[in-house]
Amino acid sequence: MYKLASVWGLKFKLLYILYAMNTQTEALRQYFQSGATQPFAFRLLQLNRLKQLVLDNEQALYKALHADLKKTDEDAWATEVGFFLSELNYTIEHLKGWMQPKSVPTNLVNMPSSSFTIQEPLGVVCIIAPWNYPFQLLFTPLIGAIAGGNCAVLKPSEFAPATAAVMRRIIGDLFPENYILFLEGDGAQVLPPLLTENRFDHIFYTGSTMVGKIIYKLAAEHLVPVTLELGGKSPAVICDDANLRVAARRLANPKFSNCGQMCIAPDYILVPHHLRDELIKELIIAIQKFYGADAESSEHYGKIINDKQWLRLTSYLGDGEIVYGGKSNREKLFIEPTIMVGVQPDAKIMQDEIFGPILPILTYASKEEALAIIQKNPNPLAFYVFTENKADEDYWLTNVPSGGACVNNATMHITNHDLPFGGRGFSGTGGYHGKLSFDTFTHTKSVLKTPTWIDPGFKYPPYKGKGWLLKRLIG
Ligand code: NAD
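Residues numbered from 1 in each chain as written. Predicted model: local features only at pLDDT ≥ 70, side-chain atom pairs only at ≥ 80, totals over all residues. Heavy atoms only, no water.

### Here we look at the domain arrangement of the chain
Convention followed: Either an automatic procedure or a domain database provided the assignment from which the domain bounds are taken. Should any heavy atoms of two residues lie within 4.5 Å, those residues are counted as being in contact. Buried surface area refers to the total accessible area, computed with a probe of radius 1.4 Å, that the two partners give up upon joining, counted for both partners together. A side-chain nitrogen of Lys or Arg and a carboxyl oxygen of Asp or Glu constitute a salt bridge if their distance falls within 4 Å. Under the rule applied, a polar contact is a pair of N or O atoms within 3.5 Å (in protein, one hydrogen donor and one hydrogen acceptor; residues adjacent in sequence only if both atoms are side-chain atoms). Each helix corresponds to a stretch of at least 4 residues labelled H or I by DSSP, and each strand to a stretch of at least 2 residues labelled E; elements are numbered beginning at the N terminus.
Segmenting the chain into domains produces domain 1 (2-230 + 428-446) and domain 2 (235-422). Counting from both sides, the interface comprises 23 residues of domain 1 and, opposite them, 24 residues of domain 2. Of all residues in domain 1, Lys70, Trp131 and His433 give up the largest surface area on contact with domain 2, accounting jointly for 28% of the area buried on that side. Between the two partners, domain 1 and domain 2, sit 0 salt bridges. In this assembly, domain 1 and domain 2 are joined by 10 residue pairs in polar contact (both at pLDDT 80 or more). Contributions of two or more residues to the side of domain 1 that touches domain 2 are made by helix 3 (58-69) and helix 4 (73-99). With 5 residues, the top contributor of residues to the side of domain 1 that touches domain 2 is helix 4.

### Digging into the pairing of strand 3 (residues 124-128)
Basically, it comes down to this: Residue exposure (1.4 Å probe, protein chains only): buried if accessible area is under 20% of the type maximum, exposed if over 50%, otherwise partly exposed. A pair of strands is treated as paired once DSSP finds two or more bridges between them. Crossovers are described as right-handed under a simple rule: with the strands pointing away from the observer, the path leading from the first strand over the helix to the second runs clockwise.
Within strand 3, 5 of the 5 residues are buried, which leaves the element mostly enclosed by the surrounding structure. Here strand 3 shows no split at all, with Val124, Cys126 and Ile128 on one side and Val125 and Ile127 on the other all buried. Where strand 3 meets strand 4 (residues 151-155), 5 bridges bridge the pair, whose relative direction is parallel. Residue valine 125 lies in a different strand from strand 4, and its bridge partner there is alanine 152. Where the polypeptide runs from strand 3 across helix 5 (residues 136-147) and back to strand 4, its parallel neighbour, the crossover connection is right-handed. The sheet contact formed by strand 3 and strand 6 (residues 202-206) spans 4 bridges and is parallel. Paired with isoleucine 127 across the two strands is phenylalanine 204, which belongs to strand 6.

### Digging into the sheet that holds strand 10 (residues 321-324)
We count it as follows: Only the stretch in contact is used when a helix axis is fitted, and all axes are lines through C-alpha atoms; the angle between N-to-C directions ranges over 0 to 180 degrees.
Taken together, 7 strands build an open sheet; the order of strands is 10-13-14-9-8-15-16 and the sheet is mixed. Among the strands making up the open sheet, the edge pair consists of strand 10 and strand 16 (404-407). Going from strand to strand, the sheet's axes swing by 25° on average, the running direction of each strand aside. Where strand 8 (residues 235-238) and strand 9 (residues 268-272) come together, 3 bridges link them in parallel fashion. Bridge pairing in strand 9 links valine 237 to leucine 270. Docked against the sheet, helix 9 (residues 244-256) engages strand 8, strand 9, strand 13 (338-341), strand 14 (358-364) and strand 15 (382-386), running at close to 170° with respect to strand 8.

Here it is, written out as structure tokens:
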């Protein structure tokens with residue numbers, strides 16, 4: 001009897017949440033249709049207010065990011081708050097120019113018309129974020145949504161609750177709920193009804209490929225355009241002539257920063273047989289410089305987000321021979337920076353996106369052999385090659401279709417506003433950052449403007465006898 005009552009209680013609660021969500025999204029739609037969000041002055045004001053309130057909450061964000069992921073203030077600045085502010089400043093600086101109509105040439109048959117494009121706001125958009133950079137990955141797309149003149153629903157991850165609480169306060173203090181709505185909860189419960197019962201004008205999703213498929217299907221029901229920022233296995237290839245010391249430092253940094261819980265962290269390394277031990281030696285030097293010999297006691301080393309992820313990650317530790325690290329502590333959600341060799345290409349760790357501080361090093365005898373391993377997980381989000389040789393660089397960039405890539409570097413392409421960021425195929429669709437964020441959250445509308453002072457008769461039927469002229473004008 002009690003069980004039955006609690007099932008009905010849950011059902012009633014869900015129905016109520018659904019009703020409330022639908023009413024709220026309807027209010028967003030009405031606010032968008034009022035035109036209030038569209039003027040340049042309005043957009044600029046909101047971006048500046050957002051900047052100020054984030055700066056006012058900087059310390060609170062650091063505290064929250066430490067509670068959720070044990071990030072240091074400096075790390076939280078570089079990868080979350082500072083990253084966001086850099087995007088915001090860039091957008092504030094360029095927004096006016098981006099909003100101007102762009103003139104394009106007009107073809108002969110339409111002369112003397114003029115042609116131009118305008119960036120039209122999309123309407124009401126939904127932004128869904130994961131937990132690994134919980135602030136940056138929700139608020140950076142928001143910059144694009146506001147700059148584009150839209151209303152937005154923001155859905156943070158339920159697994160970074162301290163950061164979500166600060167973001168909720170910022171959004172609640174700044175924006176009315178009919179402009180930017182902060183919607184929390186278990187994604188699997190909240191999002192399917194939200195996306196089924198409401199038609200958004202765009203869904204911007206960042207998260208796993210598995211959930212990305214669910215979101216894509218839900219969006220398809222209403223033909224809603226999507227941006228999918230997904231994950232995958234991003235490989236790093238070391239060539240014969242690579243500078244191993246530099247490569248080790250540049251790979252170890254993103255692999256163990258945030259405990260490897262980074263979408264573009266190098267997932268595994270492919271190295272020629274004869275360079276393997278030298279590379280491992282350099283990786284160990286780098287790890288110990290970053291976190292000391294005992295990462296568990298290092299204040300600079302993060303933690304795994306939760307028990308579920310800790311269990312998943314520690315289950316990979318038997319997939320090869322551990323040559324460095326391997327220690328773990330469930331209570332502290334700690335996994336030591338770990339290097340593994342002897343991993344078979346078909347082991348579980350080579351099928352899943354690792355998304356943690358375990359680094360398999362695989363060796364190869366020929367480019368073809370290395371390429372075949374990479375091709376088991378096509379379209380990585382990022383690809384890294386370390387070489388001084390232009391022919392090798394070209395070979396790898398041409399043969400590994402990926403979202404983005406670095407030569408002699410790893411992950412840093414994400415920091416350049418002028419480089420679009422996004423995946424392809426299995427690692428995502430669409431992109432953002434810099435101007436592309438504005439383009440993603442607007443529609444490029446083509447306009448042809450024709451004067452009325454001239455209206456030549458040859459453009460109208462009957463066309464008999466005018467074929468030669470039409471061929472000239474259109475051909
Ligand atoms: P996730 O897919 O589990 O969750 C992301 C969001 O989806 C959360 O807000 C969650 O509430 C929601 N969600 C979860 N299950 C759902 C369901 N069944 N139906 C509807 N919504 C659901 O991802 P995560 O574990 O939070 O993040 C890790 C993944 O995100 C990794 O694969 C990583 O590579 C990827 N990622 C990609 C990028 C990028 O920019 N491409 C950035 C960060 C993380």
